[in-house]
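Here is how the chains run, residue by residue.
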Amino acid sequence: CPALLAERTQTVFGVGPIDAELCVVGEAPGHNEDKLGEPFVGEAGQLLNKMLAACGIERSKVFICNILRCRPPANRQPQADEAASCNPFLVETLRLVRPKFLCLMGATATRYLLDQPTGIGVLRKRDLAWRGIPVQATYHPADLLRYPDKKRDAWEDLQRMLSRMGRTPPAHS
């Protein structure tokens, strides 16, 4: 994307192990991610780390990436043409990583990976799949920082995800 290429500091690829059981897919790099070259390293990334830890999952064992690999100007939402341009790279990344489960963080990730215009409030309660891989949709950690009242819903989503993964959800929140 020429516009994103001109604005970004660097391309932000995914991080984590190949053959990760879980892959978390977010929206796009923010300021800190663009600066450091790694997804989910800012305040939302810190919350994601806490969410994973509450699930008994180490971040280092999760593959983490975004729909876009370049930061949109002023952290605006990705546009459809930008998501379409990055989609082949995301698909190839997921093919190489071969996750057993996907957690889509936010409406943007869900909209562009699953081609779903339905809102996250509805999709988070559905059994979704992408190319045969089970998917759990939930709120993006940045949204949870803005709207803390959604944290209980996100915790329910993560417990549901763990159950679908065949893991025992922790009793605490």
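Up top is the structure.
Conventions we followed
- Residues numbered from 1 in each chain as written.
- Predicted model: local features only at pLDDT ≥ 70, side-chain atom pairs only at ≥ 80, totals over all residues.
- Heavy atoms only, no water.
- Core = buried A, V, L, I, M, F, W, Y, C linked by side-chain atoms within 4.5 Å.
- Buried < 20%, exposed > 50% of the residue type's maximum accessible area, 1.4 Å probe, protein only.
- Helix = DSSP H or I, 4+ residues; strand = E, 2+ residues; numbered from the N terminus.
- Contact = heavy atoms within 4.5 Å.
- Pairing = 2+ DSSP bridges.
- Axes fitted to C-alpha atoms, helices over the stretch in contact; angles between N-to-C directions.
- Phe/Tyr/Trp six-rings, centres within 6.5 Å; stacked < 30°, edge-to-face > 60°.
- Lys NZ or Arg CZ within 6 Å of the ring centre and 35° of its normal.

A.B. asks: Explain the nonpolar core to me, please; I cannot follow it from the model alone.
C.D. replies: In a soluble, globular protein the nonpolar side chains are often hidden away together inside. With 51 residues, the main nonpolar core has Leu22, Val24, Leu102 and Trp130 as its most contacted residues. Tallying contributions element by element places helix H4 (residues 80–97) first for this core, with 6 residues. For leucine 102, the residues in contact, after removing those within four places along its chain, are Leu22, Cys23, Val25, Leu94, Leu113, Trp130, Ile133, Pro134, Val135 and Gln136.

A.B. asks: Whenever I open this one, the environment of methionine 105 confuses me. Can you help?
C.D. replies: Here methionine 105 lies in strand S3 (residues 101–105). Look at methionine 105 and you get buried, because its relative accessible area is 2%. Methionine 105 sits 36 residues away from proline 141 along the chain, and the two C-alpha atoms are 7.3 Å apart. Residues contacting methionine 105, with those up to four places away along its chain left out, are Val24, Val25, Gly26, Glu27, Phe40, Leu48, Met51, Thr138, Tyr139, His140 and Pro141.

A.B. asks: Explanation requested: helix H5 (residues 107–114) in the structure shown.
C.D. replies: Each turn of an α-helix holds 3.6 residues, which means side chains three or four residues apart point in the same direction. Those residues of H5 that fall on the buried side of the exposure criterion are Thr108, Ala109, Thr110, Leu113 and Leu114. Aspartate 115 sits one or two residues past H5 and shows a positive phi near 55°.

A.B. asks: Help me understand the sheet that holds strand S1 (residues 22–26) in this model?
C.D. replies: Strand pairing in a sheet takes place through backbone hydrogen bonds and is either antiparallel or parallel in direction. Ordered in space as S2-S1-S3-S5-S4, the 5 strands form an open sheet in which the pairing is mixed. Two strands lie at the open edges of the sheet, namely strand S2 (62–66) and strand S4 (128–130), each paired on one side alone. Going from strand to strand, the sheet's axes swing by 30° on average, the running direction of each strand aside. Its contacts with the sheet place H4 against S1, S2, S3 and S4, and it is angled at close to 175° to S2. Here H5 sits on the sheet in contact with S1, S3, S4 and strand S5 (133–138), set at roughly 125° to S3.

A.B. asks: Is there a simple way to think about the packing of aromatic side chains in this case?
C.D. replies: Any pair of aromatic rings gets described here by the distance separating the centres and the angle formed by the planes. If you walk through the whole model with that rule in mind, you get 0 aromatic pairs. Over the ring of tyrosine 112 we find arginine 111, and its NZ or CZ is 5.4 Å from the ring centre.

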